[in-house]
Each structure stands twice: as structure tokens, then as C-alpha cells.
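If you want the building blocks of each chain, they are given just below.
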Amino acid sequence: MLLDENVPLPMARIVELLVKQHDIKHVAELDGWAGTQDVDLYAQAAAAQFEVILTNDTKQLSRPLEVAAIAKSGLHRIEYRHNHKHGGLAGLGAAIATVCAGLPHALAELDLADSQRLISLNGVDPSRQSRLRIVDPTIVPPKFWPASL
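Analysis parameters
- Residues numbered from 1 in each chain as written.
- Predicted model: local features only at pLDDT ≥ 70, side-chain atom pairs only at ≥ 80, totals over all residues.
- Heavy atoms only, no water.
- Pairing = 2+ DSSP bridges.
- Helix = DSSP H or I, 4+ residues; strand = E, 2+ residues; numbered from the N terminus.
- Contact = heavy atoms within 4.5 Å.
- Axes fitted to C-alpha atoms, helices over the stretch in contact; angles between N-to-C directions.
- Buried < 20%, exposed > 50% of the residue type's maximum accessible area, 1.4 Å probe, protein only.
- Arc of directions from axis to C-beta.

Remarks on the sheet that holds strand 3 (residues 52-55)
Here is step 1: Here we have five strands laid out as an open sheet, ordered 2-1-3-4-5, and parallel in their pairing. At either end of the open sheet lies a strand with only one pairing partner, and these are strand 2 (25-26) and strand 5 (118-121).
Here is step 2: Across four bridges, the pairing between strand 3 and strand 4 (residues 76-80) is parallel. Note that in strand 4 the partner of Thr-55 across the bridge is Glu-79.
Here is step 3: Taken strand by strand, helix 2 (residues 38-47) contacts strand 1 (2-3), strand 3 and strand 4, and its axis lies near 145 degrees from that of strand 3.

If you want it as C-alpha cells, here you go:
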């Protein structure tokens, strides 16, 4: 599996740890691959025997030349969406959570695929209201909470 240049390197390390059955390479780790335009990257990746590309470039499928390159390559394309309004640790955490939660299912589907697939992993919302549930036990006590402390 090839990780596109827009996939953060920390994500590559985590994917390597979690997806043992696949050889994981980041574009930045391959000599001469960094900076390769997407139109050329798909052909280059196919020639190098990659089967899957993981990308965060959600606009690729709206660019005709890139769509043609993806189709011609025959490579499976897995895209994860990253909510760019959340930067820093929250943004990276959401991206990693999205990939960690969805990638095993995507790879299982690809194992069954008889032809090229385009997969989009649904994003995890890192906003406070989506990630936290805060309870004040004096107002809403859990079951078996002591009446007096």
C-alpha cells in the first residue's frame, strides 16, 4: 500500500503498526517519488506493483486528468476525509481515528474485490460535543451512585 504525500508521516507509522499483512510505504520514503504529481503517481505506483493508494486528497475525483490516471492505473484508491477546521493534535487524531476505524474494513472488501475499487472512509468528528460525554453525578447520578458522600 502506498500512502500519498498528503498523508502525514505519523499516520504512516500507525498504519504500519496496525496493518501487518501489507507492505506500507509513504511517498516521502521512496527515492525520487516526493513531489510527483498525482497524474504521474498512479502510473508510477502501478508500475511499482502497488495495489492500493491511501490519500487525503478528496479533490482528485473532481479533476478529469487525475480521474483518468486513477482509472488507467487499476489501483484501488482509499480516501479518508479530514475536517480541516480542526488542526493540530485534534485534527491529526481525527484523521488517525478515521483511518484506524475504517481501513481494516476497506482492506477486507478489497480482498474480495474482483476489480478496481474506490473507497471513501467516513471521518470521525473531533469536536468536543462529539467526543465527550460529561456527567455531573450530583445532578444525574449513575445507577448505584451513593446518595450521600
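What about helix 3 (residues 64-73)?
Here is step 1: Within helix 3, the full set of buried residues consists of Glu-66, Ala-69, Ile-70 and Ser-73. End-on view of helix 3: buried residues confined to an arc of 100 degrees, all on one side of the axis. The exposed residues of helix 3 that point more than 90 degrees off its buried face are Pro-64 and Lys-72.
Here is step 2: Buried residues belonging to helix 3 abut helix 2, strand 4 and strand 5.
Here is step 3: Looking one or two places after helix 3, you find Gly-74, whose phi comes out positive at around 75 degrees.

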